[in-house]
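# Architecture at a glance
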Amino acid sequence: MLKQRIITALILAPAAIVAIFYLPLMYFAILLLVIIGIGAWEWGPFMGFDTTTRRVGFVGTTLFLIAGLWTTVSLNDLWTSSGQLHSYALAVLWLAVAWWIFSAFLMLSYPKASGFWSKHRSVRGVFGWLTLVPTWLAFMVIRANDYQVDTYHGAQLLMFLLLMVWSADIGAYFVGKAFGKNKLMPNVSPGKTFEGFLGGIASACILVAIAAYLLAWNQGQVITVLLVTVLITTVSVLGDLNESMLKRQAGVKDSGSILPGHGGILDRIDSLTATAPVFALCYVLFGW
């Protein structure tokens, strides 16, 4: 399994980097729309959908909601000429933050508080929209930042986010395997440990410290980014645990099988669904 994971990652990582840096904004948005569409398809079993028609229906409504965002705020208008984020996009990012705070409560109280949502497919569907739709918008907010002046600026920000999440995942995996003893949230994901969680944060902070040194950031920048890194790596665990909770409730092991060694698309982007909106909002509020 580890060998499969490594091989798949060695293929996916370069492909993601090429797409982020070299796809024009419109094509990147379309590619991301396809990825979110696959994620919506994989969300179907979380809702108990066992027919193609129902799953296609959920995919269609998810893409319709994203299309509504796209037509309301065009990609070129996400950021104003003065560097301010469009108020509509900002509201969606805050909605996503509210959802992840609420999701944290659901996970901390699982399975006691699962009664009100586990029995209603529509509630789980809303959970899916709150998870997937802001993810698309957050990626586009980050990628489109300062796009008219420097087409690579947003790509660098996205790579910074991906590197933080990837380093946290890798650090958590290996530290957890080597030293993990205390379960982080056994009712939701028995395999995750508190030691692995701390290892993930440490790995991401080390990566950021190296980047800060190489880029000669000043003290204020370093402190800001390290604080954001701790926040992002903590939030990334929420995304992972949220999917684990839904899979456990639905009785499924993986969201899909499209990625050998990794499961489905949702299994690969679960951390990003939580971190992308928070990262985008942090950049809007603080910058660095």
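Here we summarise the structure given alongside this text. (Residues numbered from 1 in each chain as written. Predicted model: local features only at pLDDT ≥ 70, side-chain atom pairs only at ≥ 80, totals over all residues. Heavy atoms only, no water.)

Looking only at helices and strands, the protein chain features 10 helices and 2 strands. Seen in sequence order, the protein chain has helices and strands lined up from the N terminus as α-α-α-α-α-α-α-β-β-α-α-α. Seen through its principal axes, the protein chain has C-alpha atoms that stretch 50 × 45 × 35 Å. Classification of the 288 residues of the protein chain by burial places 48% in the buried group. (Helix = DSSP H or I, 4+ residues; strand = E, 2+ residues; numbered from the N terminus. Buried < 20%, exposed > 50% of the residue type's maximum accessible area, 1.4 Å probe, protein only.)

With their axes 10 Å apart at the nearest point, helix α4 (residues 87-108) and helix α9 (residues 219-250) run at an angle of 55° to one another. One element, α4, and the other, α9, form an angle in the oblique class. Handedness of the crossing formed by α4 with α9: left-handed. Residues Trp 99, Trp 100, Ser 103, Ala 104, Leu 106 and Met 107 of α4 form the contact with α9, whose own contacting residues are Leu 238, Gly 239, Leu 241, Asn 242 and Met 245. Residue classes in the contact of α4 with α9 are distributed as 8 nonpolar, 3 polar and no charged. (Axes fitted to C-alpha atoms, helices over the stretch in contact; angles between N-to-C directions. Parallel < 35°, antiparallel > 145°, perpendicular 65-115°, else oblique. Left-handed = near helix turned anticlockwise from the far one by under 90°. Contact = heavy atoms within 4.5 Å. Nonpolar A, V, L, I, M, F, W, Y, C, P; charged D, E, K, R; others polar.)

Tracing the backbone through its elements, the reader meets Glu 42 in helix α2 (residues 25-43). Despite its burial, Glu 42 pairs with no opposite charge, the nearest such side chain being Arg 55 at 6.9 Å. In this view, Glu 42 contacts Arg 55, Ser 255, Gly 256, Ile 258, Gly 264, Ile 265 and Leu 266; residues no more than four positions away in its chain are not counted. (Lys, Arg positive; Asp, Glu negative; His and termini not counted. Salt bridge = Lys/Arg side-chain N within 4 Å of Asp/Glu carboxyl O.)

The next point concerns the packing of aromatic side chains. Applying the stated criterion across every chain yields a total of 14 aromatic pairs. Ring plane angle 65° and centroid distance 6.0 Å describe the contact between Phe 160 and Trp 217, whose orientation is recorded as edge-to-face. Residue Phe 160 is located in helix α7 (residues 153-179), and its partner Trp 217 is located in the loop between α8 (194-214) and α9; the two are separated by 57 residues in the primary sequence. Accessibility expressed as a relative area gives 15% for Phe 160, which makes it buried. (Phe/Tyr/Trp six-rings, centres within 6.5 Å; stacked < 30°, edge-to-face > 60°.)

Moving on, we get to α9. The terminal C-alpha atoms of α9 lie 47 Å apart, and with 32 residues this matches the ideal 46 Å at 1.5 Å per residue to within 8%. With a side-chain oxygen positioned 3.1 Å from the backbone nitrogen of Gly 220, the residue opening α9 is Asn 218. (Expected span 1.5 Å × (residues − 1). Polar contact = N/O pair within 3.5 Å; in protein donor to acceptor, adjacent residues only side chain to side chain.)

Let's shift gears to a nonpolar patch on the surface. A surface patch of nonpolar side chains, about 610 Å² in accessible area, is lined by Ile 206, Ile 210, Tyr 213, Leu 214 and Leu 215. Within the secondary structure layout, Tyr 213 lies in helix α8. With relative accessibility at 69%, the residue Tyr 213 sits in the exposed group. (Patch = residues over 30% accessible without salt bridge, like charges linked within 9 Å, V, L, I, M, F, W, Y side chains within 5 Å. Areas by Shrake-Rupley, 256 points an atom, 1.4 Å probe, with all protein chains shown as cover.)

What follows covers the pattern of salt bridges. For the structure shown, the criterion picks out 4 salt bridges. Ionic pairing is found between Lys 192 and Asp 240, a salt bridge with its closest N-O pair at 3.0 Å. You can see Lys 192 sitting in strand β2 (residues 189-193) and its partner Asp 240 sitting in helix α9, a full 48 residues away along the chain. A salt bridge links Asp 267 to Lys 247; the shortest N-O distance between them is 3.0 Å. Taken together, the residues span a long stretch of sequence, with Asp 267 in helix α10 (residues 265-285) and Lys 247 in helix α9 at a distance of 20 residues. Take Asp 267 and Lys 247: they sit in the same class, and that class is buried. Ionic contacts of the salt-bridge type, sharing partners, join the residues Glu 243, Lys 247 and Asp 267 into one network.

Let us look at the state of the cysteines. Taken as a whole, this structure holds 0 disulfides when the rule is applied. In this model Cys 282 remains outside any disulfide bridge; the closest cysteine sulfur is found in Cys 205, 14 Å from its own. We classify Cys 282 as buried; its relative accessible area is 6%. (Disulfide = S-S within 2.5 Å.)

This part is about the side chain of Asp 267. For Asp 267, a relative accessible area of 10% gives the class buried. Reaching out from Asp 267, the side chain makes a polar contact with the side chain of Lys 247 at a distance of 3.0 Å. Among the polar contacts listed, one links the side chain of Asp 267 to the backbone nitrogen of Gly 264, at a separation of 2.8 Å.

Here the focus is empty space enclosed by the protein. In this approach, a probe sized like a water molecule rolls over the atoms, and the result shows the empty space that is left. All chains considered together, the criterion is met by 1 cavity of 30 Å³ or more. Its volume calculated, the largest cavity comes out at about 50 Å³. Forming the walls of the largest cavity are Trp 43, Trp 100, Thr 131, Gly 239, Asn 242, Glu 243, Leu 266, Asp 270 and Thr 273. Secondary-structure elements contributing two or more residues to the lining of the largest cavity are α9 and α10. Looking at the lining of the largest cavity residue by residue, the class counts come to 3 nonpolar, 4 polar and 2 charged. (1 Å grid on protein atoms, 1.4 Å probe; cavity = no way out; pocket = protein on both sides within 12 Å on 5 of 7 lines; lining within 4 Å. Points joined across faces, edges and corners; volume = space filled by probe spheres on them.)

Just geometry here; none of it tells us what the structure is for.
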